[in-house]
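# Report on the structure
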Protein chains: 2
Amino acid sequence: MDRQGARAKTGAQSGRAPVTLAQIARQAGVHVSTVSRALSLDDDVRDGVAAETATLIRGLAEELGYQRDPAGAALRTGRSRMLGVLVPRLTDIVLATIYEGIDAAASAAGYHTVVANTGDDPEMQQRRAHALLARRVDGLVLGDARSDCDLVAELARQQIPLVLVSRRLPGRVSVTTDDTLGGRLAAEHLLGLGHRRVAVVAGEPYASTGVERTQGFLDAFAEAGLPVPKSHVIGSAFDVPGGRAATDHLLGLRPRPTAVFAVNDFAAIGVMAAVRDAGLTVGQDVAVVGYNDVPLAAALPVPLTSVRSPMYRMGEVAATTLVNMLNGKPGRSRRLRPALMARASTLGDTPPGPVP
Amino acid sequence: MDRQGARAKTGAQSGRAPVTLAQIARQAGVHVSTVSRALSLDDDVRDGVAAETATLIRGLAEELGYQRDPAGAALRTGRSRMLGVLVPRLTDIVLATIYEGIDAAASAAGYHTVVANTGDDPEMQQRRAHALLARRVDGLVLGDARSDCDLVAELARQQIPLVLVSRRLPGRVSVTTDDTLGGRLAAEHLLGLGHRRVAVVAGEPYASTGVERTQGFLDAFAEAGLPVPKSHVIGSAFDVPGGRAATDHLLGLRPRPTAVFAVNDFAAIGVMAAVRDAGLTVGQDVAVVGYNDVPLAAALPVPLTSVRSPMYRMGEVAATTLVNMLNGKPGRSRRLRPALMARASTLGDTPPGPVP
DNA sequence: TGAGGCTACGCAAACGATTGCACTTTGGTC
DNA sequence: GACCAAAGTGCAATCGTTTGCGTAGCCTCA
């Protein structure tokens, strides 16, 4: 036979071979199965061994620096204790923050996470999702669900435990902010400041975030008797160039809108840049509202009014929900509360007051 | 015995049990070892099976949708084909970009990556590194090496294959930009514009990035016969508040510096904010240079002059280096070339020219 | 024709952890 | 004092893959 056993087992710890249950068993003078039980993660199993024996074993495990081999455990149990996470891109601070929340909650529950970028591209989503499944992750957190393709449906058909985060999809368990309410908050803020002619930079049509934020905003204006014309709602990429391009168009409208709601902060920064380039002043000539309240928003030369969404918390809740589902509990969707942070981009340099 | 085998094997694919080598072997009428060889990643092993048999087996594997079970393979070989990555924080776009490069190169080489945030905190680094090792990663990419603690030395002592990225440490394999050169480029740019009284926002002392960028900058000014006084070099956190705080101090100096070099872009944004708050104009009264050239730099109201570093590429090279090391090749350090991107924050609104 | 070599494959033993079942021991009850 | 239950532990199989060795068959060359 091979003399593999003589070599170090893991590539990473090539120094000394890792401690196994068998070694602990030998030293404790018990069978390896008893050691396994004493160190089990499952309380019921752990209770099956005498308190005295358990203490001895756990002491020994600690002393020898035992670390359960995930490969052995996964092979036997069929559970890898890893969660897969798909995001459009990690360089987007919103998704990065959500991911940090996911990872923190997963760690706390004894899971590791493996994250992959999909660039919001359906083919890439497909590829990356299958790569994660090939790694035998126990479940998926999807941060890039699109309403215009059926990856999620396909995964659901395969009974793969999954939770959506940030974006929603009908009939799926998701953890998001209440985007409709968020859009409404933005609208009410602008209405309160006296704005009557407003425009929306609406994001991509396949993302529920942009769609619902837009809808909430439009609803509020409609209810106030000031419906926003379709020509004033324009799609865009979720980044600075996207917001800039949309705004170049909006500033051409006559009469010009006095306020713009962009469905995320990066688009809003693009809006501000375009306004500035047009020789206008943000907060005076044109009010701008963003969404998410990324840390940068408050640090901008003209601080950006934005709808704050609890991104980190969203990630935590999503991961916790998935872990619960893996433990057999039913998953249910959650919509977290957003809150408006008013700043100079709508208030100008002067205290708030109606703008005629 | 338990009837575990009857249940689905993986949590994620609870629908249908995954295909195994044994199933393919049965259908192909060969032994499972032959199937293993035919599907091996190792060319030498794969050549050991007849071309005809191999074709049959690979066809069957494709048809049945076979995916190697990483747990089984890892258990046998002791290699998990996973790389651990430690970063200060993924919400920092610089590290997020580097990580994207790492992950892309790792994927291409058949590895998955598991990333963890350490918040640049030594205790957290320790915890997270050990959690990754408990997952039996084959090696580590460290993006948060500190010169003031000995985690890296400890890991090296345990013979754990590792590559540093972004930050260097003497005697370790690392992939960075040539930060000394980068600092020099910033200095030469300012010298060329005629600046004589300059200051440096130097970052944290434990990070080689800040230290070397500062050193390169100071060297160039010293060589030009214009040594920068120690009082004009001030430490800072690597973020917006850090840059702001440092600048509040620098602007109090008399005579006031005409230019500030911040060792990263976020600190530079803080510098710009502080300059603005002091009633001065960036690019006119005070020139500002950043480092990394994050996408936002060019999109700022006053576009930021910055030393561009190939962040994504740095990640790719780091991952490739680590994979090579795992394959027995010796690792060697690389320093990638930075390049200065001149913009309005140093040039003002007018074309460049000497500033008296 | 027979020895030697090579090719292609089979055999079986691991890797480390988990768990259903069987067994022993202990303690309690009638 | 006999019987039973419960608690604690051991036994052994099993998850899926890899790989050193053994061997059957074929070809080559003397």
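None of these values were measured; they are calculated from a predicted model.

### Looking at the overall build of chain A
Along its length, chain A carries 15 helices and 12 strands. Expected size for 356 residues packed as a compact globule is a radius of gyration near 21 Å; at 26 Å, chain A overshoots this value by more than 25%. Counting only C-alpha atoms and orienting by the principal axes, one finds that chain A spans roughly 85 × 40 × 40 Å. Roughly 14,900 Å² of accessible area belongs to chain A as shown, and the carbon and sulfur atoms make up 53% of that amount. Across chain A, the centroid of the 39 positively charged side chains sits 3 Å from that of the 35 negatively charged ones.

### Some points on the protein's contact with DNA strand D
The environment of DNA strand D is formed by 30 residues, the closest being T34(A), T53(A), L21(B), Y66(B) and R76(B). Expressed as a percentage, the sugar and phosphate content of the atoms of DNA strand D within 4 Å of the protein is 63%. The separation between a phosphate oxygen of DNA strand D and a polar main-chain atom of H31(A) is 2.7 Å. In this structure, a base nitrogen belonging to DNA strand D sits 3.1 Å away from a main-chain N or O atom of G72(B). Breaking the surface near DNA strand D down by element, the ones donating at least two residues are α2 (32–38) and α5 (70–77) of chain A together with α2 (32–38) and α5 (70–77) of chain B. In terms of residue class, the surface near DNA strand D is built from 10 nonpolar, 11 polar and nine charged.

### Observations regarding unusual backbone geometry
Going from R254(A) to P255(A), the amide bond is cis rather than trans, its omega being -5 degrees. One can find P255(A) in the loop between α11 (240–250) and β8 (259–262). Its identity as a non-glycine residue notwithstanding, R136(A) has a phi of 65 degrees, on the positive side. Mapping R136(A) onto the fold places it in the loop between α7 (122–134) and β3 (139–142). Phi is positive for R81(B), close to 55 degrees, though the residue is something other than glycine. Topologically, R81(B) is positioned in the loop between α5 and β1 (82–87). On the basis of relative accessible area, R81(B) is assigned to the partly exposed category, the value being 28%.

### So, the relation of the copies chain B and chain A
When chain B is fitted to chain A, the best match, at an RMSD of 0.1 Å, comes from turning it 180 degrees and sliding it 0.0 Å along the axis. When the rotation and shift are considered jointly, the pair of chain copies conforms to a two-fold rotation axis. No C-alpha of chain B lies nearer the rotation axis than that of A71(B), which sits 2.2 Å from it. A share of 100% of the interface residues of chain B reappears at the interface of chain A, consistent with the copies meeting face to face through the same patch.

### What to know about the domain arrangement of chain A
Residues and elements named next belong to chain A. For chain A, the assigned domains are domain 1 (4–68), domain 2 (80–176 + 312–336) and domain 3 (179–309 + 339–347). The straight-line distance from the C-alpha centre of domain 2 to that of domain 3 is 28 Å. Each side of the interface is counted separately: domain 2 has 12 residues, and domain 3 has 13 residues. Both sides together, the interface formed by domain 2 and domain 3 hides about 950 Å², and carbon and sulfur atoms give 49% of it. In this structure, R168 engages E212 in a salt bridge whose closest nitrogen and oxygen atoms are separated by 2.8 Å. Remark: the boundary between domain 2 and domain 3 carries five residue pairs in polar contact (both at pLDDT 80 or more).

The rules behind the values
- Residues numbered from 1 in each chain as written.
- Chains lettered and ligands numbered in written order.
- Predicted model: local features only at pLDDT ≥ 70, side-chain atom pairs only at ≥ 80, totals over all residues.
- Heavy atoms only, no water.
- Helix = DSSP H or I, 4+ residues; strand = E, 2+ residues; numbered from the N terminus.
- Rg over C-alpha atoms; globule rule 2.2 N^0.38 Å.
- Areas by Shrake-Rupley, 256 points an atom, 1.4 Å probe, with all protein chains shown as cover.
- Lys, Arg positive; Asp, Glu negative; His and termini not counted.
- Charge placed at Lys NZ, Arg CZ, Asp CG, Glu CD.
- Near = heavy atom within 4 Å.
- Polar contact = N/O pair within 3.5 Å; in protein donor to acceptor, adjacent residues only side chain to side chain.
- Nonpolar A, V, L, I, M, F, W, Y, C, P; charged D, E, K, R; others polar.
- Buried < 20%, exposed > 50% of the residue type's maximum accessible area, 1.4 Å probe, protein only.
- Least-squares fit on C-alpha atoms with pLDDT ≥ 70 in both.
- Contact = heavy atoms within 4.5 Å.
- Domains from an automatic or database assignment.
- Buried area = accessible area lost by both parts, 1.4 Å probe.
- Salt bridge = Lys/Arg side-chain N within 4 Å of Asp/Glu carboxyl O.

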